[in-house]
Amino acid sequence: MSNDRTPRRGVLLIVASPSGAGKTSLCRRLMADHGGLELSVSMTTRDIRPGEVAGRDYHFVDHAAFQRGIDADAFLEWADVHGNRYGSPRAPVDKALSEGRDVLFDIDWQGARQIAEKCPGDAVRVFILPPSLEELRRRLVTRSQDADEVIERRIKNAKGEIEHCAEFDYVFVNDDFDRSYAELAHIYHAERSRRFRNTWVEAYREGLLSEDV
Ligand SMILES: Nc1ncnc2c1ncn2[C@@H]1O[C@H](COP(=O)(O)OP(=O)(O)OP(=O)(O)O)[C@@H](O)[C@H]1O
Ligand SMILES: Nc1nc2c(ncn2[C@@H]2O[C@H](COP(=O)(O)O)[C@@H](O)[C@H]2O)c(=O)[nH]1
């Protein structure tokens, strides 16, 4: 009997939140724990921060290069976020999906909406809420990555972003990090196990049914 568990349809796991709620930290841990999961490295026009690595954290480009990407239809989604442009390159996602692999997106609600419209069966949307806006500000300040006016702009935008959480499949509050991580990992595992993604099941079942016992 064949026990082959391929092929399968990959999950496009989208994690969104207001800036500072903790999605990048949660996504990094999910990546570290799941070798088969591929991170979609976004393209952005924002300046590189100290400690960031081009090609690992983002593809940093100028406005002209980003516009060329838009004109060439090279993005699965893109959006203006907090005064900069961000987009998810399409080609690596297509490649991963064609190979049955899962892709993780650390993006905003606008991008989540676009991917869900284009890939309704594959997209799984998770929205992370902060415990409070006061705690959101504390996290952004403690992260020490952005100028004061950038932090204020992100806090101001947070309410508008939170309004969109009703569009998401899963929503939870990132208060205790380990508990939040467990929640995200459970969502990922459950979504991976859904029957319609595991297209090998049909052949596997036929194999079991044809066994002589
Ligand atoms: N549960 C938590 N409790 C306390 N601090 C946290 C928690 N989760 C994340 N943080 C911290 O909050 C800060 C912001 O987290 P992170 O950079 O992951 O946010 P983000 O949502 O990805 O922000 P951005 O959208 O700007 O990329 C970081 O310093 C991180 O260590
Ligand atoms: N629609 C998209 N949004 C994205 C993408 N990559 C990141 N983001 C969002 O930008 C903010 C700010 O990020 P930061 O690195 O400057 O702190 C972040 O909260 C994401 O929501 C993308 O490819 N598409």
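These remarks concern the structure in this document.

How each quantity is defined
- Residues numbered from 1 in each chain as written.
- Chains lettered and ligands numbered in written order.
- Predicted model: local features only at pLDDT ≥ 70, side-chain atom pairs only at ≥ 80, totals over all residues.
- Helix = DSSP H or I, 4+ residues; strand = E, 2+ residues; numbered from the N terminus.
- Contact = placed C-beta atoms within 7 Å.
- Near = placed C-beta within 6 Å.
- Nonpolar A, V, L, I, M, F, W, Y, C, P; charged D, E, K, R; others polar.
- Pairing = 2+ DSSP bridges.
- Axes fitted to C-alpha atoms, helices over the stretch in contact; angles between N-to-C directions.
- Parallel < 35°, antiparallel > 145°, perpendicular 65-115°, else oblique.
- Left-handed = near helix turned anticlockwise from the far one by under 90°.

1. Re the overall build of the protein chain
Then, number 1: When helices and strands are counted, the protein chain shows 8 helices and 9 strands.
Then, number 2: For the protein chain, the C-alpha atoms occupy an extent of roughly 70 × 40 × 30 Å along the three principal directions.
Then, number 3: At a minimum sequence separation of 6, the contacts of the protein chain that also span at least 24 residues come to 71%.

2. As for the site of ligand 1
Then, number 1: Neighbouring residues of ligand 1: 14 residues in total, closest S19, G22, T24, S25 and R139.
Then, number 2: Contributing elements (two or more residues each) for the shell around ligand 1: α1 (23-33), α5 (133-143) and α7 (177-192).
Then, number 3: A class-by-class count of the residues in the shell around ligand 1 yields 2 nonpolar, 9 polar and 3 charged.

3. Concerning the site of ligand 2
Then, number 1: By nearness alone, 15 residues border ligand 2, and S42, Y86, I107, D108 and G111 come closest of all.
Then, number 2: Looking at the shell around ligand 2, the elements with two or more residues in it are β5 (75-81), β6 (84-89) and α4 (109-118).
Then, number 3: When its residues are assigned to classes, the shell around ligand 2 shows 5 nonpolar, 7 polar and 3 charged.

4. Some words on the sheet that holds β6
Then, number 1: Read across the sheet, 4 strands follow the order β4-β3-β6-β5 without closing on themselves; strand pairing throughout is mixed. If you trace the sheet from one side to the other, it starts and ends with β4 (59-60) and β5, each paired once.
Then, number 2: In this sheet, β6 lies alongside β5 in antiparallel orientation, the contact comprising 6 bridges. Across the sheet, residue E77 finds its bridge partner in β6, namely S88.
Then, number 3: Lying over the sheet, helix α2 (residues 63-71) contacts β3 (43-44), β5 and β6, oriented at roughly 135 degrees with respect to β5.
Then, number 4: α4 contacts β5 and β6 of the sheet and is inclined by roughly 155 degrees relative to β5.

5. A closer look at the sheet that holds strand β7 (residues 102-106)
Then, number 1: Strand order in the open sheet made by the 5 strands is β2-β7-β1-β8-β9, with parallel pairing throughout. Here the strands that pair on one side only, and so sit at the sheet edges, are β2 (37-39) and β9 (170-173). This sheet shows a mean twist of 25 degrees between the axes of neighbouring strands, independent of strand direction.
Then, number 2: Where strand β8 (residues 123-129) lies against β9, 4 bridges are found, and the strand directions are parallel. When the bridges of β9 are listed, L129 appears paired with V173.
Then, number 3: Sitting on the sheet, α4 is in contact with β1 (12-16), β7 and β8, with an inclination near 155 degrees to β1.

6. Quick word on the packing of α1 against α7
Then, number 1: At their nearest, the axes of α1 and α7 sit 10 Å apart, and the two run at 55 degrees to each other. Between α1 and α7, the angle is such that the two are oblique. Taken as a pair, α1 and α7 cross one another with a handedness that is right-handed. Residues L26, R29, L30 and D33 of α1 form the contact with α7, whose own contacting residues are S180, Y181, L184, A185 and Y188.
Then, number 2: Here the contact of α1 with α7 is composed, by residue class, of 6 nonpolar, 1 polar and 2 charged.

Limitation: the analysis is restricted to geometry and does not speak to function.
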